[in-house]
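Understanding the architecture of this molecule
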Amino acid sequence: MHFFLQQVVNGLTTGSLYALIALGYSMVYGVLKLLNFAHGDLYMLGAFVGYFVLQWFGGADGLSIPVPLVLLFMFTAAAFSMGGLGMAIERFAYRPLRDAPRIAPLITALGVSFFLENAVLWLFGAQTRIYNTPEFISFKTGIHIGAFSIDIVRIMVIVLSLALMFALREIVNRTTLGKSMRAVAIDREAAEMLGINVDRTIALTFFLGSALAGIAGVMAGLVFNQVYNLIGFVAGLKAFTAAVVGGIGSLPGAVLGGLLIGLAESFAAGYISSTYQNLIVFGVLIVVMLVRPSGLLGHAKIEKV
Amino acid sequence: MAPIGVDEWVARQGERAEELPGWRGDAARFFARVGWWPKLAVIGLLGALFPVLSPNDFQLQVGINALLLAMLALGLNISVGWAGLLDLGYIAFYGFGAYGFALLSSQQLHSPDGIHLQAWQSIPMVLIAAAILGLLVGLPSRRLIGDYLAIVTLFFGEVWLEFTTNVATDKLGGPNGIPSIDPIKGFGQQILTLKGYYYFLLVAILVVIASLHLLDQSRTGRAWRAVREDPLAANMMTIPVNRLKLMAFSFGAVVAALAGTIFAASQGGVFPTDFDTPFLILIYAGLILGGSGSIAGAVLGGLVVSVTLEFLRNPTEAGYLFYGMIILTLVARTRPWVKLAGIVVGTVAFGYAAHAIVGAVSSAATAGSPHSGGWVGDLLGNWVIVPANPKNFGNICFVILICALIALVQMKRSTLRTVLLIPVIYLAACVWESRLAVEPSITRQILIGAILIVMMNWRPQGLLGRRRVEVV
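Residues numbered from 1 in each chain as written. Chains lettered and ligands numbered in written order. Predicted model: local features only at pLDDT ≥ 70, side-chain atom pairs only at ≥ 80, totals over all residues. Heavy atoms only, no water.

**Some details on the overall build of chain A**
A count of helices and strands for chain A gives twelve helices and four strands. Its C-alpha atoms give chain A a radius of gyration of 19 Å, near enough to 19 Å, the size a compact globule of 305 residues would have. The principal-axis extent of the C-alpha atoms belonging to chain A is close to 60 × 40 × 40 Å. Counting the 305 residues in chain A, one finds 56% classified as buried. Counting only contacts in chain A whose residues sit at least 6 apart along the sequence, the fraction spanning at least 24 positions is 78%. Counting only carbon and sulfur atoms, one obtains 67% of the accessible surface of chain A, whose full area is about 12,700 Å². The positive charge centre, built from 18 side chains, and the negative charge centre, built from 14, are 6 Å apart in chain A. (Helix = DSSP H or I, 4+ residues; strand = E, 2+ residues; numbered from the N terminus. Rg over C-alpha atoms; globule rule 2.2 N^0.38 Å. Buried < 20%, exposed > 50% of the residue type's maximum accessible area, 1.4 Å probe, protein only. Contact = heavy atoms within 4.5 Å. Areas by Shrake-Rupley, 256 points an atom, 1.4 Å probe, with all protein chains shown as cover. Lys, Arg positive; Asp, Glu negative; His and termini not counted. Charge placed at Lys NZ, Arg CZ, Asp CG, Glu CD.)

Below is the structure:
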């Protein structure tokens, strides 16, 4: 039984990371109908930013300021730098292509992703960076019942993700920005005619989505400890599928999809084999996409002419 | 973007009016009048001349790789360029061809003897299997469009990679791949030399080009373009949209698998990592650079990307390429000549001035030597700033350079742009000498990514493609 619970906790942890990335994917897809392949790489860069902030304050084993403060700085730095980078990418790579055939921005997104991955390899080298979380956040703190345990990092990841998702929901549902985001997602031209600043809305959407990816990157660094230039690709792929499984464009769907993917992955690894983990997840995803491409919470789109 | 509400003939009025005058126009018109098979024959002859120049094995291998990439770009062009289906699992067909050929001509299956088929048996078998696989992978395209299709095919590519790495490792060799594959053999003959493979590949690619050209001109080719422009309208015109999509996948798979078989035979071994995503992006870069939708573009793009990236392996040759490209771009894009001369003189003067000033402030800042060897390196010795420890300097300059380039592109005022071009070129040279030329393998990848972004924004039709006219 405790093995099962352990898998659930692991699944929820990775699942909430996927959900955070998937939210960004889904938001960007909603307003721009663009599959932003570079999104996964923002997550990777966020993890790097968190690592460098950690080093700035003395590294895992010699922190000069209290731990919560370091974590706060790591998350803020990653969120704002990635948000800015996401806005810059939108401005220079995607905005000129807004009215181009659909295939053009997709290929550009592939190029941006490839460029970022290799620029990071080039700037920071191929070696894996280690957060070394146990040095400053003890795994012993947390909930322990018999053989079953949740450490404090996982609790923090899950709670913080939930808080962020809730905040995002409030932004989308309550604020003017959220209103214009929804309007742009439904019909960009009509939104523009009604006086909504479409450029600004799209840029801010990119900022929000990329900031979430950056935060997810720092969390991934804390949980998995290892950061290198290719962690973004597979995570981005799975997060995108999470967004699709939940129904792309739907934010609750992205969260649900992310958690489901995380659980599926952790059960596949726990009960079948970790070698086949990715194979199983990808296989399941292909089937889901074929059977119900509109996703669990999405609406089937009727193409009108 | 064409004016809305006009047909294509009217929309292209401007282009026709701008047709080149003088000898260049005459040459272009003459070239347009020549039929397709004389052109193909000339290209074939040029290709056949290359081994006669007695290149060494390395150069022959570069030639083979370039032809392989061109062939892969041709196959990708069918689904991406003609049918407008973004296929991101294309690399798996290439891998399928290579693994299929490897299994049919090595010790892997049916121990202890293995299977050793003749090439005229194994290659058609692999191609037929690839066609069926293409149909299966294409099936989702009946329901999914655009991004969904892209992601499903991307997963297919990833599944293929995972499959060859992790599943049935005793048969497929896992990460170690399949070693000692037979060469291409049949009718008592064997191809054992690189030159032989080069010629075999050349003949194969000529056949592929000819058949693709005929296909392009056929009903099917026209129907594909109709599907690409508007599936719904095509459907209304009784074009069988689903069947055409499946065909596009299938044909592309066959071409990729053919390239795979030749690759496996010429290498003598296959590994899962030969068929990973970076290589897929390389194929895309070739196709996009040349011009998606155009056969000549796909071939040219494949060749150019492949050969260019080979040059980047050697810092000195890479240096020629880098400075050559800068000068060529300047000459081609700057008018009038006075401005060009101003930029060149300005850049040279700026460089010497910057070098002298920085050298006077701190001698360590200019202590390093440029990474380009040969006369380029000697020439640049007192011009570029390369500090004793170039790594951090290069990294910072790289980030600044990217920002500066983006700012330059966005700038509206042309005089300011010209003035700012000088420090940017100089900065690029500094980054190149201190950092980019040092790690050519990563520089290659960065350039591939940059090609995709820049081409899509600046010239989405590629070098040889025709601009698509949106008729609403």
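**Points about empty space enclosed by the protein**
All names here are of chain B. Inspection of every chain in the model, using the stated rule, returns one cavity of 30 Å³ or more. The calculated volume of the largest cavity comes to roughly 50 Å³. Lining the largest cavity we find L88, I91, L154, G157, E158, L161, F275, D276, T277 and L280. Contributing elements (two or more residues each) for the lining of the largest cavity: helix 8 (146–166) and helix 14 (277–290). The element best represented in the lining of the largest cavity is helix 8, accounting for four residues. Classifying every residue of the lining of the largest cavity by side-chain character gives six nonpolar, two polar and two charged. (1 Å grid on protein atoms, 1.4 Å probe; cavity = no way out; pocket = protein on both sides within 12 Å on 5 of 7 lines; lining within 4 Å. Points joined across faces, edges and corners; volume = space filled by probe spheres on them. Nonpolar A, V, L, I, M, F, W, Y, C, P; charged D, E, K, R; others polar.)

**Re the confidence of the model for chain B**
Fine structural detail should not be taken from predicted coordinates in areas where pLDDT scores are low. With 94% of its residues at a pLDDT of 70 or more, chain B shows a mean pLDDT of 82. As a predicted assembly, this complex carries a pTM of 0.85 together with an ipTM value of 0.82. (pLDDT = per-residue confidence, 0-100.)

**Section: the nonpolar core**
Most often, soluble globular proteins keep nonpolar side chains buried together rather than apart. Formed by 235 residues in total, the largest nonpolar core has its most connected members in M71(B) and I151(B). The contacts of I151(B), once residues within four sequence positions are left out, are L35(A), F37(A), L237(A), F240(A) and M289(A). Residues L330(B), L340(B), I422(B) and I425(B) belong to the second largest nonpolar core, which totals five residues. (Core = buried A, V, L, I, M, F, W, Y, C linked by side-chain atoms within 4.5 Å.)

**Observations regarding the pattern of salt bridges**
Residue and element names in this part refer to chain A. For the structure shown, the criterion picks out ten salt bridges over all chains. A salt bridge links R98 to E90; its shortest N-O distance comes to 2.7 Å. Neither R98 nor E90 differs from the other in exposure class; each is buried. A network of salt bridges, in which partner residues are shared, links E90, R95, R98 and D199. (Salt bridge = Lys/Arg side-chain N within 4 Å of Asp/Glu carboxyl O.)

**Some details on the interface of chain B and chain A**
The interface is formed by 51 residues belonging to chain B together with 46 residues belonging to chain A. Carbon and sulfur atoms make up 77% of the area that chain B and chain A hide from each other, which totals about 4,500 Å². Looking at the side of chain B facing chain A, the largest losses of area belong to D147(B), Y148(B) and F155(B), adding up to 16% of the total buried there. Remark: the boundary between chain B and chain A carries zero salt bridges. Our enumeration of links across chain B and chain A arrives at one residue pair in polar contact (both at pLDDT 80 or more). Elements that contribute at least two residues to the side of chain B that touches chain A include exactly helix 8, helix 14, helix 19 (390–410), helix 20 (414–436) and helix 21 (440–458) of chain B. Broken down by element, the side of chain B that touches chain A gets its largest block of residues, twelve residues, from helix 8 of chain B. (Buried area = accessible area lost by both parts, 1.4 Å probe. Polar contact = N/O pair within 3.5 Å; in protein donor to acceptor, adjacent residues only side chain to side chain.)

**Overview of the side chain of T418(B)**
Along the chain, T418(B) turns up in helix 20. Setting aside its immediate chain neighbours within four residues, T418(B) contacts K339(B) and I343(B).

**A closer look at a nonpolar patch on the surface**
All names here are of chain A. Nonpolar side chains collect at one region of the surface, where M1, F3, F4, L5, Y271 and I272 lie side by side and expose about 640 Å² of accessible area between them. For the nonpolar patch, the secondary structure elements donating two or more residues are helix 1 (2–32) and helix 11 (251–272). Considering each element in turn, the nonpolar patch owes the most residues, three residues, to helix 1. Mapped onto the elements, M1 comes out in the segment before helix 1. Its relative accessible area of 72% is what places M1 among the exposed residues. (Patch = residues over 30% accessible without salt bridge, like charges linked within 9 Å, V, L, I, M, F, W, Y side chains within 5 Å.)

**Digging into unusual backbone geometry**
Even without being a glycine, N225(A) presents a positive backbone phi close to 75°. Positive phi values are uncommon outside glycine, yet T238(B) reaches one of about 60°. Following the sequence through the fold, T238(B) ends up in the loop between helix 12 (231–236) and helix 13 (241–267). Taking the relative accessible area as the measure of exposure, T238(B) reaches 70% and is therefore exposed.

**As for the environment of G89(B)**
Residues and elements named next belong to chain B. Within the secondary structure, G89 is located in the loop between helix 5 (57–82) and helix 6 (90–104). Through-space distance from the C-alpha of G89 to that of V152 is 8.1 Å; in sequence the pair is 63 residues apart. Each residue touching G89, except ones within four places of it in the same chain, is listed here: T153, L154, F156 and G157.

**Here's the deal with the packing of aromatic side chains**
Evaluated as defined, the whole model comprises 30 aromatic pairs over all chains. Aromatic rings pair up to connect Y94(B), F96(B), Y99(B), W160(B), F163(B), F263(B), F275(B) and F279(B) into one cluster. (Phe/Tyr/Trp six-rings, centres within 6.5 Å; stacked < 30°, edge-to-face > 60°.)

**A word on a negative patch on the surface**
Where like charges cluster on the molecular surface, the negative patch consists of D99(A), D187(A), E189(A) and E192(A). With respect to the helices, strands and loops of the structure, E192(A) is situated in helix 8 (residues 188–193).

**Overview of helix 4 (residues 103–124) of chain A**
When the terminal C-alpha atoms of helix 4 of chain A are compared, their 32 Å separation across 22 residues agrees well with the 32 Å that a helix rising 1.5 Å per residue should span. In the stretch just after helix 4 of chain A, G125(A) is the one whose phi turns positive, near 85°. (Expected span 1.5 Å × (residues − 1).)

**Here's the deal with helix 9 (residues 198–224) of chain A**
Note: α-helices contain 3.6 residues per turn, so residues at a spacing of three or four share the same orientation. All names here are of chain A. If you check helix 9, its first and last C-alpha atoms are 38 Å apart, about what 27 residues at 1.5 Å a residue would give, namely 39 Å. Taking burial as the measure, the 27 residues of helix 9 include 22 buried ones, the bulk of the element. Just past helix 9, the residue N225 takes up positive phi, approximately 75°.

**Notes on the packing of helix 7 (residues 119–138) of chain B against helix 13 of chain B**
All names here are of chain B. Viewed as axis vectors pointing N to C, helix 7 and helix 13 meet at an angle of 145°, and their least axial separation amounts to 7 Å. The crossing of helix 7 and helix 13 is right-handed. Judged by residue contacts, I123, V126, L127, A130, A131, G134, L135, V137 and G138 of helix 7 engage L246, F249, S250, A253, V254, A257, L258 and T261 from helix 13. Partitioned by chemical class, the residues of the contact of helix 7 with helix 13 number 13 nonpolar, four polar and no charged. (Axes fitted to C-alpha atoms, helices over the stretch in contact; angles between N-to-C directions. Left-handed = near helix turned anticlockwise from the far one by under 90°.)

**Quick notes on the pairing of strand 3 (residues 148–151) of chain A**
In this sheet, strand 3 of chain A lies alongside strand 2 (residues 142–145) of chain A in antiparallel orientation, the contact comprising four bridges. Each residue of the ladder has a partner; that of G142(A), found in strand 3 of chain A, is D151(A). (Pairing = 2+ DSSP bridges.)

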